[in-house]
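Each chain is listed here by its residues.
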Amino acid sequence: MTPTPVGDCDPRFEAVRAAFSENFISRGELGASVCLTLGGRTVVDLWGGWQGAEQRRPWQADTLVNVFSVGKAVAATCVARLVGQGRLAYDQPVAQVWPEFAQSGKAAITVRQLLSHQAGLPALRPPMAPGSVFEWSRLCTALAEQAPWWPPGTAHGYHVNTFGFLVGELVRRVTGTTLGTMVQREIAGPLGADLFIGVPDRELGRVADFVGHSELPEVDRSLLSDGQLMELNAYFNPPEFSGSGVVNTRRWRQAELASTNGHASARGIARFYDALVRGGRLDGTLVVDAGALREARQEQVYGEDRVLHRSSRFGLGFQLTQPERPLGPNDGAYGHFGAGGSLGFCDPDAGLAFGYAMNSMGPRWQNPRNKALIEACYQCL
């Protein structure tokens, strides 16, 4: 039986409700939520489906789920907040706050290059032991020792999983706290946004299972070219780097891996972007200085991606809209996709904030579910 989505939807946005319903009927949706705000007002707040493959637990208004790389934009906002406070600068060498990072020819890599995927560190070369993804110091030490795969600043390639460790350690060196702690204390907590990098004990009961996640492929690494090794390791070194085999475990949900294991509801994502679309301040809470945010959403790189082998366009940690993967029709839209289809973005020209969270793996690049929701949204404007 196909579930009927529930929640609230402004009559003007009935096309979004229809698209969301059709996701369950014909596009393989299992469980999901979608939330849109326009000019600060919530116009869509819908949810439906199931929290697991067994289809016994209905999706609720406050269900949390792993939204994968949607968390990268939250990490980027933490850095922008520190820049706005004068505690960090985009053109500052990373090694100034993380001295060990200067090893292996990385002394000149800047925060800007790190955030825009130009640092040449999308993967770890030496094989990492199973379980080491949960050993923060071990992974950060390995990244500090790692030589770049290409000369930093000469190209860009999506730092699929290393981004969260690199940015997280940068934040920790500046603040003395973990990135997940900063998110709760200074961003999501004050906003009342249902969004976590590391799910606390009290919230675990409302986390949905993620279904259909990719598993570690059987590959003889000795037969791979250097580029092929880089790409494989970007996703699977350590073996659980992308959540393989552990995505629904308590340990994974409670780790603070901003590249990969952000957990949120659609409401939480939309609330976060509602603050950004208003220049960084919402309901008296200053999330990020407007100037630092403005710089963070400016294009840094656009073109062939050395890891993805297709065109990608980045600001300082944010994915920017591009013709190959549009976030609506307006050039200023920015945010971040997550593996399988989850998405958060905002469009300053339209005054729109968009959050979508789901639990059934779909296409990573051209996802028909989020595409249908985006198109329906702009049809209503």
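Our structure is the block above this text.
Residues numbered from 1 in each chain as written. Predicted model: local features only at pLDDT ≥ 70, side-chain atom pairs only at ≥ 80, totals over all residues. Heavy atoms only, no water.

Caption draft 1: Representation of the overall build of the protein. When helices and strands are counted, the protein shows eleven helices and 14 strands. Relative to the 2.2 N^0.38 estimate, which gives 21 Å for 381 residues, the radius of gyration of the protein is 19 Å and therefore close to what a compact globule would have. With respect to the principal axes defined by its C-alpha atoms, the protein has extents near 55 × 45 × 40 Å. By the burial criterion, 61% of the 381 residues in the protein qualify as buried. For the protein, contacts bridging at least 24 residues in sequence account for 66% of all contacts bridging at least 6. Accessible area of the protein: about 13800 Å², with a carbon and sulfur share of 49%. Charge-centre separation for the protein: the mean point of 35 positive side chains lies 3 Å from the mean point of 37 negative side chains. (Helix = DSSP H or I, 4+ residues; strand = E, 2+ residues; numbered from the N terminus. Rg over C-alpha atoms; globule rule 2.2 N^0.38 Å. Buried < 20%, exposed > 50% of the residue type's maximum accessible area, 1.4 Å probe, protein only. Contact = heavy atoms within 4.5 Å. Areas by Shrake-Rupley, 256 points an atom, 1.4 Å probe, with all protein chains shown as cover. Lys, Arg positive; Asp, Glu negative; His and termini not counted. Charge placed at Lys NZ, Arg CZ, Asp CG, Glu CD.)

Caption draft 2: Representation of the state of the cysteines. Per the stated rule, a full pass over the model turns up zero disulfides. Left without a disulfide partner, Cys9 is nearest to the cysteine sulfur of Cys380, which lies 7.5 Å away. Looking at the unpaired Cys35, the closest cysteine sulfur is the one in Cys9, lying at 11 Å. What makes Cys35 buried here is its relative accessible area of 4%. (Disulfide = S-S within 2.5 Å.)

Caption draft 3: Geometry of the side chain of Thr37. You can see Thr37 is positioned in strand E2 (residues 31-38). If we ignore the near neighbours within four places in the chain, the residues touching Thr37 are Thr42, Val43, Ala270, Asp274, Gly351, Leu352 and Ala353.

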